[in-house]
Amino acid sequence: MALLSKKDTNLILDPLADNNPITIQVLGICSALAITAELQASVVMAISVLFVLGVGNVVISLLRNIIPTKIRIIVQLIVVATLVIIVDQVLKAFAYELSKTLSVFVGLIITNCIIMGRFEAFALGNGPWKAFLDGIGNALGYGIILIVVGFFRELLGSGTLFGFKVIGDPVAKTGLYATGYENNGFMIIPPAALIVVGIIIWVQRSRNRALIEEN
Amino acid sequence: MAFNKENNSYTIVFAAIMVIIVGSVLAYLASALSGKIAENERFEKQQNILYAMGVNENGDGGSVNFVPTDRVEAEFSKYITEQLVINGDQITQNDEAYLIDLKKQIASIKKGETAELPIFIGEKEGNKYYIIPMYGKGLWDAIWGFIALNENMVVQGVYFDHKSETPGLGANIKQRYFLDDFIGESIVSNNQLKGIAVAKGNNDPENNIKDDNEVDALAGATITGNGVSAMIRESVNLYKDYLETIRVN
């Protein structure tokens, strides 16, 4: 890549795999469990976090030399809350339908530990461009896991993807359901997300054994 | 660094300036956008009321489609023939009844005060629709909606919405397949106005049985479903006296 130096590229690529915020750092688990019953909700949440983390990291990074150390957590919280409220209000005025869809995610975004985690761990110590790349990278790493979990939970739990019945109608018994297949109701409740995330962690660590911690 | 970031007075000054900046930005934004937001909310209420009485753009697909906002005011005044406010024994006409906040009215009933309960009468293709607003609580926060009845106390359509139910589970109360299940259900049980229960295990996933006062529940959304049942029951109860006067069956 000519646009980005090797180091900058790593800022984006690392969180996608070997330093993934969910599977390696175990951050953002709460929203990964709460909203992955449907693929669409996963995608919406991933995009929202991408925006908030990208912009928030830049703002915190620009302010990093003037933020008093004692109240830095409060300042971070105010920055992310302000950003989310501004976006929410503007959408309510100009894209009302979209804002209705997003309104349930607002609380989840503000309390997402990945956002506070990246502000604290990266944006406070690095320049705005790097912080931006780091934010984008981590949000993508988070989003990928969310989408993978949402894909399996919606497919196995409801037999749909993005709301479309991809394997037949469970009530009319068509498609795959004609063979006696049933949806697994367990997949749509939050504990199933924990199991899917667990399987992803397992797969990832058996492919790259360097990730396994010593006890 | 020019400043001493550990200094207490610096910390206080920083906090004060930050609060003033953030506060004024948010206050400016809120007042600049409030008109537009209020208009959107007004359109949404009209769309919801019309949706319940079957005035919508639903196609064969499985999605909920409202009358578009540029036409909603015209359609609202075309189809909604009367807007009434029930205050104890008094019933008055009020063309802005749809703007009454049911939450506040329910709160004043709980305090033992009088309340103004709005009800909308719609007419479409010679049929009359009595649309009552509903308000209740789901798992996380408020749920609300509208239910359209005919003189026989049979549901002609419903619309539900929620503030923050879980996406993919409780949030599905506003999905078409759930809303459509209510159409044709009677709210009368043993000759009394009861409502409709969202029931698990009613063994009727296609909802062919229309006289059981039950619709099939959403998997994984028990508490939201119970909230919907309670909301319908309580709203029917609020409007019971009025509904008995129009009931023919």
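Procedures and definitions
- Residues numbered from 1 in each chain as written.
- Chains lettered and ligands numbered in written order.
- Predicted model: local features only at pLDDT ≥ 70, side-chain atom pairs only at ≥ 80, totals over all residues.
- Axes fitted to C-alpha atoms, helices over the stretch in contact; angles between N-to-C directions.
- Helix = DSSP H or I, 4+ residues; strand = E, 2+ residues; numbered from the N terminus.
- Parallel < 35°, antiparallel > 145°, perpendicular 65-115°, else oblique.
- Left-handed = near helix turned anticlockwise from the far one by under 90°.
- Contact = placed C-beta atoms within 7 Å.
- Buried ≥ 20, exposed ≤ 12 C-beta atoms within 10 Å, placed from the backbone.
- Pairing = 2+ DSSP bridges.
- pLDDT = per-residue confidence, 0-100.
- Nonpolar A, V, L, I, M, F, W, Y, C, P; charged D, E, K, R; others polar.
- Arc of directions from axis to C-beta.
- Core = buried A, V, L, I, M, F, W, Y, C linked by C-beta atoms within 7 Å.

### Concerning the packing of helix H4 (residues 72–94) of chain A against helix H1 (residues 8–52) of chain B
Think of two packed helices as two axes; the pair is described by the angle between the axes and how far apart they sit. The N-to-C vectors of H4(A) and H1(B) enclose an angle of 20°; their axes lie 8 Å apart at closest approach. One element, H4(A), and the other, H1(B), form an angle in the roughly parallel class. Here the hand of the crossing between H4(A) and H1(B) comes out left-handed. Mapping the contact onto sequence places Val75(A), Ile78(A), Thr82(A), Ile85(A), Ile86(A), Gln89(A), Lys92(A) and Ala93(A) in H4(A) and Met18(B), Val22(B), Leu26(B), Leu29(B), Ala30(B), Leu33(B), Lys36(B), Ile37(B) and Asn40(B) in H1(B).

### Overview of the pairing of strand S6 (residues 155–162) of chain B
Residue and element names in this part refer to chain B. The element S6 is extensively covered by neighbouring structure, given that seven of its eight residues are classed as buried. Two strands pair when backbone bridges link them, and strand S5 (residues 142–149) and S6 are joined in this way by seven bridges, in the antiparallel orientation. In the sheet register, Phe 146 faces S6, and the bridge partner there is Tyr 159. If you look at the hairpin formed by S5 and S6, you'll find five residues sitting between the two strands, and Met 153 has a positive phi there, around 65°.

### A few points about the confidence of the model for chain A
Taken residue by residue, chain A gives an average pLDDT of 86. The fraction at 70 or more is 98%. The least confident element of chain A, judged by mean pLDDT, is helix H5 (residues 96–110) of chain A at 78; the most confident is helix H7 (residues 128–158) of chain A at 92.

### Details of the environment of Gln204(A)
All names here are of chain A. Looking at where Gln 204 falls in the secondary structure, it is placed in helix H8 (residues 190–207). A C-alpha to C-alpha distance of 8.3 Å links Gln 204 and Thr 23, two positions 181 residues apart in sequence. Ignoring sequence-local partners within four residues, the contact set of Gln 204 consists of Thr 23 and Leu 211.

### Looking at the interface of chain B and chain A
Contact residues are listed per partner, giving 28 residues for chain B and 27 residues for chain A. Here the side of chain B that touches chain A is composed, by residue class, of 17 nonpolar, six polar and five charged.

### Side note on helix H2 (residues 69–79) of chain B
All names here are of chain B. Taken residue by residue, H2 has Val 72, Phe 76 and Tyr 79 as its buried positions. Down the axis of H2, the buried set is contained in an arc of 85°. They therefore lie on one face. Along H2, the residues that are exposed and aim more than 90 degrees away from the buried face are Asp 70, Ala 74 and Ser 77. Lining the buried residues of H2 we find H1, strand S1 (80–87) and strand S3 (117–124).

### Observations concerning the nonpolar core
Core analysis: the largest hydrophobic core is formed by 98 residues, its most contacted members being Ala52(B), Ile131(B), Phe146(B), Ile147(B), Ala148(B) and Val158(B). Of all the elements, H7(A) adds the most residues to this core, at nine residues. Ile147(B) has contacts with Ala52(B), Ile132(B), Met134(B), Val155(B), Val158(B) and Ile232(B), leaving out every residue within four places of it along the chain.

### Quick notes on the sheet that holds S5(B)
All names here are of chain B. The strand order S2-S1-S3-S4-S5-S6 describes an open sheet built from six strands, whose pairing is antiparallel. Each of the sheet's edge strands pairs with one partner strand only, and the pair in question is strand S2 (90–93) and S6. The sheet shows a mean angle of 25° between the axes of neighbouring strands, direction not considered.

### Topic: unusual backbone geometry
Residues and elements named next belong to chain B. Here Glu 125, not a glycine, exhibits a phi torsion of approximately 50°, which is positive. If you trace the backbone, Glu 125 turns up in the loop between S3 and strand S4 (127–137). Here Asn 213, not a glycine, exhibits a phi torsion of approximately 55°, which is positive. Note on placement: Asn 213 falls in the loop between strand S9 (197–199) and strand S10 (214–216). The buried category is assigned to Asn 213, around which 20 C-beta atoms lie within 10 Å.

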